[in-house]
2 protein chains.
Amino acid sequence: MNAHSFYRPVSGLNLLSRIGNDPQGRDRLMLDTLARIEAVDRDIGAMTAVARREAAMASAAAAHGPLAGLPIAIKDIFDTHDLVTSYGSPIYERYRPRSDAAIVTLLRRKGAVIVGKTVTSEFAYMAPPATRNPCDIQRTPGGSSSGSAAAVAAGMVPYAVGSQTGGSTIRPASFCGIAGYKPTFGLLPTVGMKCFSWSFDTVGLFAAGVRDVAYLAQVLSDRQLAVDGITAGPVFGVPDSYPWTEPSANASAALDTAVRAIEDAGGRVRRVRFGSWMAAMVAAHDTIQRYEAYQSLGFEYDRHRGDLSPMLAGFLERAATIDAATYTKARVLMGEAKDSLAELFNGVTGLLTPSAPDEAPDGLDSTGDPAFNRNWTLLGCPCVNVPGLWGARGGPIGVQVIGRPWDDARCLDAAAFVEQAIAAASGRRRAT
Amino acid sequence: MNAHSFYRPVSGLNLLSRIGNDPQGRDRLMLDTLARIEAVDRDIGAMTAVARREAAMASAAAAHGPLAGLPIAIKDIFDTHDLVTSYGSPIYERYRPRSDAAIVTLLRRKGAVIVGKTVTSEFAYMAPPATRNPCDIQRTPGGSSSGSAAAVAAGMVPYAVGSQTGGSTIRPASFCGIAGYKPTFGLLPTVGMKCFSWSFDTVGLFAAGVRDVAYLAQVLSDRQLAVDGITAGPVFGVPDSYPWTEPSANASAALDTAVRAIEDAGGRVRRVRFGSWMAAMVAAHDTIQRYEAYQSLGFEYDRHRGDLSPMLAGFLERAATIDAATYTKARVLMGEAKDSLAELFNGVTGLLTPSAPDEAPDGLDSTGDPAFNRNWTLLGCPCVNVPGLWGARGGPIGVQVIGRPWDDARCLDAAAFVEQAIAAASGRRRAT
């Protein structure tokens, strides 16, 4: 998969078929996983807590269900009763919640073993953490699900859970060259996830490839989301311009490569144009997120301001000025925009855009720009980062497939088509 | 207000105008409040935790804002960093959360002083707690916001915060003869409230009267909700039958009394008929609530089943059988029903129904029947319990005013009209 770096992600589906129901296979996998985390995480810094070996082995041995014995890492924005949960903030240093987040419970019910918690930027906002990108350790893995993306990209775990309120799943997946899936808003439960903005907070999933992530989504949601056969001839709508950050030449070239691969594979592409409401949604996202975060993180802001990063404290300070009328207006516009979505998807299987304005920025001073993700989070659309492309600066660069709300199966299927088309084109290039 | 019992509620608006900005007034109020809680709660059992005197006095002295120095009690389903929070369950015995729920932060930002936590039925479900109804200590105050309703009805605090997922605010307000207000879904933040069903969980407010509760709602929501002048001539739609529990003769008589009082005061009443979708919503509420609770309380069910009441354990056991397809279908029906609401409110200011099928049941074995509340919770409509009527068995019996979603101001205004009309009619009866 990843010819450019030392690390490579591991397919969850392959692992599952390999361990099967063999107890020794489970034992070996758990020991290998913990050893690999220990060896690799010194360089990457993706984990905030790792399960004790005895506990992980016992959980694996006792596990039942479709994910029995599979190691999974959880963004440290979700509560776990048995692992420290700090939400990326010194305010919650050494905090041990009394219960598990609902997504953790669902994973355990399906047999998964929580092997560790992963680095999140502070309360899943934008202050950059110290995690490194496994594809280039001089760069950020993106954020806020920094550790989840990096842990999967480095092959520490086949699956990791993250979250997205702006672009916190799709962007790091793009930067790290793995599949990232932000489901339809409300598909997976956010109970026990530290709230930032209740209108947007969404559970996100990471895996090596689209089929891997679709399988995990199926198991967790109890819906037919796994990609069994890929539907031929999808039609993608490609926007002719964006009312936010312009894509870099690098991202545009990657998108063009994806488009050619799609057409070569029998898919079609048509240009689409956003209505003027799409620009209004950029402002609406900002208004709604601020208003809600000022309430959700009110305790931390009012009582522990000195322990917040200047970036988050400044954000919340400005957030305090948004009044209920402004918020309500933004929520009404958001509802109207959701009603306009059918038109946008008219005649297409899904939309296709860059996942981010560029490949991962150099250094660890920024987690990158979520501009290409925020509006889809607001609209509740399912989004998939499709990996497999590399940019001019040598890092991974993803394309994003966006679907209709509650049409996650079609969105994942179309993303798998794109992934396969890209792989085929890349194989042809290597062969010539 | 309450001629039938030893206790009477205290108007928050009156208290506020009495203490004004006088620091000594605040001190006296806080001391009186704590003394009254100590004296009264031995018989009522509304409180699970009471603030230490020094802490409450210091908070009152330091308070700023429209509620400065006002004592408020919080249902023990909301996190408080400084008071034990047990969600009505032995699983959380002595639990001290690390932060405050957002509604607690909003209250503190406005100057309120949290003087105690109030009894909730276990995780705000139906298992009856030991709290007694201040209007008749041989009866339940209703639930699940049992302690909040009882604390206000007994005059321990002028205001209390509760919650409603089925009928947990309106029903106890009706049984205790006070005002209860369940806002439009999403008007007040539920962050830091123990989740039962994320599609329905709503913050509820209790006060002596409708004007009192409307003022608190205005302060907390930053919206124009206070009842300044009451709008003349509202028109109420009264359903001619219900697709759930029939009202008792007692409740029907109370509703008739309210209707006559409304007409005498210049309001109007017209019969309305529910569409067939209203019956489908009863089943949808049950499906959605079960599916979500099985995820929200998954940790407690999977790991602490022996510490759940048989009632809740049985509910969750049956909940486990609801699949995603059934849930999704119910959610779709719910969305369609919300789209049908405009029709139901066509030509009326609000709907008027009993708040509960009867006055409070005798004994403490049941918190009563939420049938008259559940569908409005599902539909997200604002609801107000209007106090002032007494039933044939000698207990309070409320009527419920139901408004359009996000039309809370009109709903509260119409409820204040009903409250005033009832008081006037009762005054006339006393005079003759």
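Predicted, not measured: the structure shown is a model, and the values here were computed from it.

Helix and strand counts for chain A stand at 15 helices and 11 strands. A compact globule built from 432 residues would reach a C-alpha radius of gyration of about 22 Å, and chain A, at 20 Å, matches this within 12%. In terms of its C-alpha atoms, chain A occupies a principal-axis envelope of roughly 60 × 55 × 40 Å. Looking at chain A as a whole, 63% of its 432 residues qualify as buried. Within chain A, contacts between residues at least 6 apart in sequence are counted, and of these 79% link residues at least 24 apart. With an accessible surface of roughly 15,300 Å², chain A has 50% of that area assigned to carbon and sulfur atoms. Averaged over its 42 positive side-chain charges, chain A has a centre that lies 3 Å from the centre of its 42 negative ones.

All names here are of chain B. Of note, Asn133 is situated in the loop between β3 (113-118) and α5 (146-153). Taking relative accessible area as the criterion, Asn133 reaches 1% and is therefore assigned buried. Within polar-contact distance, the side chain of Asn133 engages the backbone oxygen of Phe175 at 2.9 Å.

The next thing to look at is the relation of the copies chain A and chain B. The two copies are related by a screw motion: chain A maps onto chain B through a turn of 180° and a shift of 0.0 Å along the axis, at an RMSD of 0.0 Å. The superposition operator between the copies reduces to a two-fold rotation axis. For chain A, the smallest separation between a C-alpha atom and the rotation axis is recorded for A:Pro97, amounting to 4.2 Å.

Quick look at the environment of B:Arg8 now. Residue position: B:Arg8 is located in the segment before α1 (12-19). It is 5.5 Å that separates the C-alpha atoms of B:Arg8 and B:Gly155, two residues lying 147 residues apart in sequence.

Here we come to the nonpolar core. The nonpolar side chains of soluble globular proteins are, as a tendency, buried together. Core analysis: the largest hydrophobic core is formed by 228 residues, its most contacted members being A:Trp376 and B:Trp376. Apart from the residues lying within four places of it in its own chain, the contact partners of B:Trp376 are B:Lys182, B:Trp244, B:Phe274, B:Met278, B:Leu344, B:Leu351, B:Cys381, B:Cys383, B:Gln400 and B:Ile402.

All told, the structure shown has 36 aromatic pairs over all chains when counted by the stated rule. Taking 5.1 Å as the distance between ring centres and 80° as the angle between the ring planes, the aromatic pair formed by A:Phe6 and A:Tyr7 counts as edge-to-face. Residue classification places A:Tyr7 among the buried positions, given a relative accessible area of 7%. Measuring from centroid to centroid gives 6.4 Å for B:Tyr87 and B:Phe123, while their planes differ by 35°, and the two rings are tilted. Of this pair, B:Tyr87 sits in the loop between β2 (71-75) and α4 (102-109) while B:Phe123 sits in the loop between β3 and α5, and the two are 36 residues apart along the sequence. The same class applies to B:Tyr87 and to B:Phe123, which are both buried. Among the aromatic residues, those joined into a cluster by ring pairs are A:Tyr242, A:Trp244, A:Phe274, A:Phe372 and A:Trp376. Sitting over the ring of A:Tyr294, B:Arg109 keeps its end group 3.8 Å from the ring centre.

All names here are of chain B. Here we have 11 strands laid out as an open sheet, ordered β1-β3-β2-β4-β6-β5-β10-β11-β9-β7-β8, and mixed in their pairing. This sheet does not close on itself; its edge strands, each paired only once, are β1 (47-50) and β8 (268-272). Averaged over all pairs of adjacent strands, the angle between their axes in this sheet comes to 25°, without regard to strand direction. Taken together, the 3 bridges between strand β5 (residues 179-182) and strand β6 (residues 202-207) define a ladder with antiparallel strand orientation. Each bridged residue has a counterpart across the sheet, and for Ala179 the counterpart in β6 is Ala207.

Right, let's talk about helix α2 (residues 23-44) of chain A for a bit. Residue and element names in this part refer to chain A. Given a rise of 1.5 Å per residue, 22 residues ought to cover 32 Å, and the 30 Å separating the end C-alpha atoms of α2 matches this to within 8%. Of all bends in α2, the biggest is about 30°, found at Glu38. Within the sequence span of α2, burial applies to Gly25, Arg26, Leu29, Met30, Thr33, Leu34, Ile37, Val40, Asp41 and Ile44. Residues of α2 that are buried in the fold lie against α1 (12-19), β1 (47-50), α3 (53-62), β2 (71-75), β3 (113-118) and α5 (146-153). Capping of α2 at its N-terminal end is provided by Asp22; its side-chain oxygen lies 3.0 Å from the backbone amide nitrogen of Gln24. Where α2 ends, the next residue or the one after it, Gly45, has phi of about 70°, a positive value.

This part takes up helix α14 (residues 371-379) of chain B. All names here are of chain B. Within α14, 8 of the 9 residues are buried, which leaves the element mostly enclosed by the surrounding structure. For α14, the full list of buried residues reads Ala371, Phe372, Asn373, Asn375, Trp376, Thr377, Leu378 and Leu379. A positive backbone phi angle near 80° is found at Gly380, which sits one or two residues after α14.

Further remarks concern the interface of chain A and chain B. Tallying the contact residues gives 35 residues for chain A and 35 residues for chain B. Taking both partners together, chain A and chain B bury about 2,900 Å²; carbon and sulfur atoms supply 51% of that area. When the buried area of chain A at its contact with chain B is split by residue, A:Arg98, A:Arg109 and A:Phe299 rank highest and sum to 25% of it. For the pair chain A and chain B, the interface holds 2 salt bridges. Put simply, A:Arg109 and B:Asp302 hold a salt bridge, and the shortest N to O gap is 2.8 Å. In this structure, the connection of chain A to chain B is made through 14 residue pairs in polar contact (both at pLDDT 80 or more). Residue assignment for the side of chain A that touches chain B shows that the elements contributing at least two residues are α4 (102-109), α9 (277-296), α10 (298-303) and α12 (324-339) of chain A.

Moving on to the state of the cysteines. Taken as a whole, this structure holds 0 disulfides over all chains when the rule is applied. Between A:Cys411, a cysteine without a disulfide, and A:Cys383, which holds the nearest cysteine sulfur, the sulfur-to-sulfur distance is 6.6 Å.

Taken from the UniProt record, the annotation "domain: Amidase" (unreviewed entry) applies to residues 31-412 of chain A. Helix makes up 38% of residues 31-412 of chain A and strand 14%, whereas the separation of the span's terminal C-alpha atoms amounts to 32 Å.

In this section: the packing of helix α7 (residues 210-221) of chain A against helix α15 (residues 408-431) of chain A. Residues and elements named next belong to chain A. In the contact formed by α7 and α15, the axes pass within 9 Å of each other and the chain directions differ by 160°. Considering their axes alone, α7 and α15 lie roughly antiparallel with respect to each other. Where α7 crosses over α15, the two elements pack in a sense that is left-handed. Residue-level contacts link Val210, Arg211, Val213 and Ala214 of α7 to Leu412, Ala415, Ala416, Glu419 and Gln420 of α15. Partitioned by chemical class, the residues of the contact of α7 with α15 number 6 nonpolar, 1 polar and 2 charged.

Moving on, we get to the pairing of strand β11 (residues 399-402) of chain B. All names here are of chain B. Alternating positions in β11 separate into two faces, Val399 and Val401 on one and Gln400 and Ile402 on the other, with burial throughout. In the sheet, strand β9 (residues 350-354) pairs with β11 via 4 bridges, with the strands oriented antiparallel. Directly across from Pro354, in β11, lies its bridge partner Val399. Pairing analysis gives 4 bridges linking strand β10 (residues 383-386) to β11, with the strands arranged antiparallel.

All names here are of chain A. Read from one edge to the other, the open sheet built from 11 strands follows the order β1-β3-β2-β4-β6-β5-β10-β11-β9-β7-β8, with strand pairing classed as mixed. The two strands at the open ends of the sheet, each matched to only one other strand, are β1 and β8 (268-272). Neighbour-to-neighbour, the strand axes of the sheet open up by a mean angle of 25°, direction not taken into account. Strands in contact with α5 are β1, β2, β3, β4 (159-164) and β6 (202-207); relative to β4, the strand with the most contacts, it is inclined by about 155°.

This paragraph deals with the pattern of salt bridges. All names here are of chain B. Applying the stated criterion across every chain, the model contains 34 salt bridges over all chains. Between Glu54 and Arg52 there is a salt bridge; the shortest N-O distance is 3.5 Å. With relative accessibility at 57%, the residue Arg52 sits in the exposed group. As a salt-bridge pair, Arg139 and Glu359 come within 2.8 Å of each other at their nearest N and O atoms. Pair noted here: Arg139 is in the loop between β3 and α5 and Glu359 is in the loop between β9 and α14, with a separation of 220 residues, a long-range link. The buried category is assigned to Arg139, whose relative accessible area is 4%.

Moving residue by residue along a regular strand, the side chains alternate between the two faces of the sheet. Residue and element names in this part refer to chain B. Where burial is concerned, most of β2 is hidden: 5 out of the 5 residues are buried. Alternating residues of β2 divide into Pro71, Ala73 and Lys75 and Ile72 and Ile74, and every residue in both groups is buried. As paired elements, β2 and β3 share 5 bridges and run parallel to each other. Each bridged residue has a counterpart across the sheet, and for Ile72 the counterpart in β3 is Ile114. Here β2 pairs with strand β4 (residues 159-164) via 3 bridges, running parallel. The residue bridging Ile74 from the neighbouring strand is Val161, located in β4.

What counts, and where the lines are drawn
- Residues numbered from 1 in each chain as written.
- Chains lettered and ligands numbered in written order.
- Predicted model: local features only at pLDDT ≥ 70, side-chain atom pairs only at ≥ 80, totals over all residues.
- Heavy atoms only, no water.
- Helix = DSSP H or I, 4+ residues; strand = E, 2+ residues; numbered from the N terminus.
- Rg over C-alpha atoms; globule rule 2.2 N^0.38 Å.
- Buried < 20%, exposed > 50% of the residue type's maximum accessible area, 1.4 Å probe, protein only.
- Contact = heavy atoms within 4.5 Å.
- Areas by Shrake-Rupley, 256 points an atom, 1.4 Å probe, with all protein chains shown as cover.
- Lys, Arg positive; Asp, Glu negative; His and termini not counted.
- Charge placed at Lys NZ, Arg CZ, Asp CG, Glu CD.
- Polar contact = N/O pair within 3.5 Å; in protein donor to acceptor, adjacent residues only side chain to side chain.
- Least-squares fit on C-alpha atoms with pLDDT ≥ 70 in both.
- Core = buried A, V, L, I, M, F, W, Y, C linked by side-chain atoms within 4.5 Å.
- Phe/Tyr/Trp six-rings, centres within 6.5 Å; stacked < 30°, edge-to-face > 60°.
- Lys NZ or Arg CZ within 6 Å of the ring centre and 35° of its normal.
- Pairing = 2+ DSSP bridges.
- Axes fitted to C-alpha atoms, helices over the stretch in contact; angles between N-to-C directions.
- Expected span 1.5 Å × (residues − 1).
- Bend = angle between axes of the 7 residues up to and from the residue.
- Buried area = accessible area lost by both parts, 1.4 Å probe.
- Salt bridge = Lys/Arg side-chain N within 4 Å of Asp/Glu carboxyl O.
- Disulfide = S-S within 2.5 Å.
- UniProt positions renumbered as here; feature names shortened; annotations may be inferred.
- Parallel < 35°, antiparallel > 145°, perpendicular 65-115°, else oblique.
- Left-handed = near helix turned anticlockwise from the far one by under 90°.
- Nonpolar A, V, L, I, M, F, W, Y, C, P; charged D, E, K, R; others polar.

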